[in-house]
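Understanding the architecture of this molecule
Each chain, written out:
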Amino acid sequence: EAGVAQSPRYKIIEKRQSVAFWCNPISGHATLYWYQQILGQGPKLLIQFQNNGVVDDSQLPKDRFSAERLKGVDSTLKIQPAKLEDSAVYLCASSLVLGKEPTASTSTHEQYFGPGTRLTVT
Amino acid sequence: EDQVTQSPEALRLQEGESSSLNCSYTVSGLRGLFWYRQDPGKGPEFLFTLYSAGEEKEKERLKATLTKKESFLHITAPKPEDSATYLCALRRGSTLGRLYFGRGTQLTVWP
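Residues numbered from 1 in each chain as written. Chains lettered and ligands numbered in written order. Predicted model: local features only at pLDDT ≥ 70, side-chain atom pairs only at ≥ 80, totals over all residues. Heavy atoms only, no water.

Assigned secondary structure in chain A consists of zero helices and 11 strands. The order of α-helices and β-strands along chain A, N terminus first, is β-β-β-β-β-β-β-β-β-β-β. Relative to its full complement of 122 residues, chain A shows a buried share of 44%. A sequence separation of at least 24 residues applies to 55% of the contacts in chain A between residues at least 6 apart. Of the accessible surface of chain A, which amounts to about 6,000 Å², a share of 51% is contributed by carbon and sulfur atoms. (Helix = DSSP H or I, 4+ residues; strand = E, 2+ residues; numbered from the N terminus. Buried < 20%, exposed > 50% of the residue type's maximum accessible area, 1.4 Å probe, protein only. Contact = heavy atoms within 4.5 Å. Areas by Shrake-Rupley, 256 points an atom, 1.4 Å probe, with all protein chains shown as cover.)

Cis geometry is adopted by the peptide bond preceding Pro81(A), which originates at Gln80(A) and carries an omega value of -5 degrees. Of note, Pro81(A) is situated in the loop between β8 (75-79) and β9 (88-95). Cis geometry marks the peptide bond from Ser7(B) to Pro8(B); its omega dihedral reads -10 degrees. Summarising the element assignment, Pro8(B) is placed in the loop between β1 (4-7) and β2 (10-14). Positive phi values are uncommon outside glycine, yet Ala77(B) reaches one of about 45 degrees. Mapped onto the fold, Ala77(B) is located in the loop between β8 (70-75) and β9 (84-92).

What follows covers the nonpolar core. General note: in soluble globular proteins, nonpolar side chains tend to be found buried as a group. Counting residues in each nonpolar core, the largest one holds 25 residues, and the members touching the most others are Leu33(B), Trp35(B), Leu73(B), Tyr86(B) and Leu90(B). The set of elements that each furnish at least two residues to this core consists of β2, β3 (19-25), β4 (30-38), β5 (45-50), β7 (62-66), β8, β9 and β11 (105-110) of chain B. The greatest single-element share of this core, amounting to four residues, is contributed by β9(B). Contact partners of Tyr86(B), with chain neighbours within four places excluded, come to Gln6(B), Leu21(B), Trp35(B), Tyr36(B), Arg37(B), Leu47(B), Leu62(B), Leu73(B), Gly104(B), Thr105(B) and Leu107(B). Phe21(A), Ile79(A), Ala82(A) and Leu119(A) belong to the second largest nonpolar core, which has 21 residues in total. (Core = buried A, V, L, I, M, F, W, Y, C linked by side-chain atoms within 4.5 Å.)

This brings us to the packing of aromatic side chains. For the coordinates displayed, the defined rule picks out 10 aromatic pairs over all chains. Relative to Phe101(B), the ring of Phe113(A) has its centre 6.1 Å away and its plane inclined at 75 degrees; by these criteria the two rings are edge-to-face. Placement of Phe113(A) in strand β10 (residues 112-113) and of Phe101(B) in strand β10 (residues 100-101) is noted, with the two residues assigned to different chains. Per residue, the accessibility class of Phe113(A) equals that of Phe101(B), and both read buried. Aromatic rings pair up to connect Tyr33(A), Tyr35(A), Tyr112(A), Phe113(A), Tyr36(B), Phe46(B) and Phe101(B) into one cluster. (Phe/Tyr/Trp six-rings, centres within 6.5 Å; stacked < 30°, edge-to-face > 60°.)

Moving on to the interface of chain B and chain A. Listed as interface residues are 22 residues of chain B and, on the opposing side, 28 residues of chain A. Each partner contributes to the roughly 1,900 Å² buried at the junction of chain B and chain A, and carbon and sulfur atoms together form 51% of this total. The interface formed by chain B and chain A contains one salt bridge. The salt bridge partner of Arg98(B) is Asp56(A), with a shortest N-O separation of 2.9 Å. Broken down by secondary-structure element, the contributors of at least two residues to the side of chain B that touches chain A are β4, β5 and β9 of chain B. (Buried area = accessible area lost by both parts, 1.4 Å probe. Salt bridge = Lys/Arg side-chain N within 4 Å of Asp/Glu carboxyl O.)

Take a look at the structure:
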């Protein structure tokens, strides 16, 4: 089974420029997540989709970040304009379902991560 | 406000020297405690999910346990290939899938 795919793997831009990241989740996974991981920290959720609808974007800096998942499969995350503090690894993850309470015997809420895109803003 | 605290930040072990990593949390309404492994330049790799106090799960040299306030990742007779950053995350009942991650423990196992 193919994992979560992301591109590009690396990107270097100057501040105030724009950048876009692409994610293709595991086939059949309804829920897709974008996380930001700053060096030395754990990932922090930016936005979460269930199919093509936004479930949680409370931590997304909406003045500069946007994301979409138009057909309920692939997703793009955009930053415009970029700031120095946006330098980080952007991780995409997917999980099978959302909404049902998990039990010890189910694995539907486990999130599987892609390799990430390392963004450097100079 | 940190809800997930991992310790130690870094751990160096000699091959075969068993030890434990700690993940303590302060939230109520826990809906899952997750352990991930992250290698340099890669995304986190899922290891375990624990849902209730007293639960234990094992995979090769790793064993994860859960109490009402913390989780431990026990590493038995580690090998150099176990070197990685180990991340702990939790899911709260009041959120819709969001994982709250700790900062991780960077483990180095030398031969």
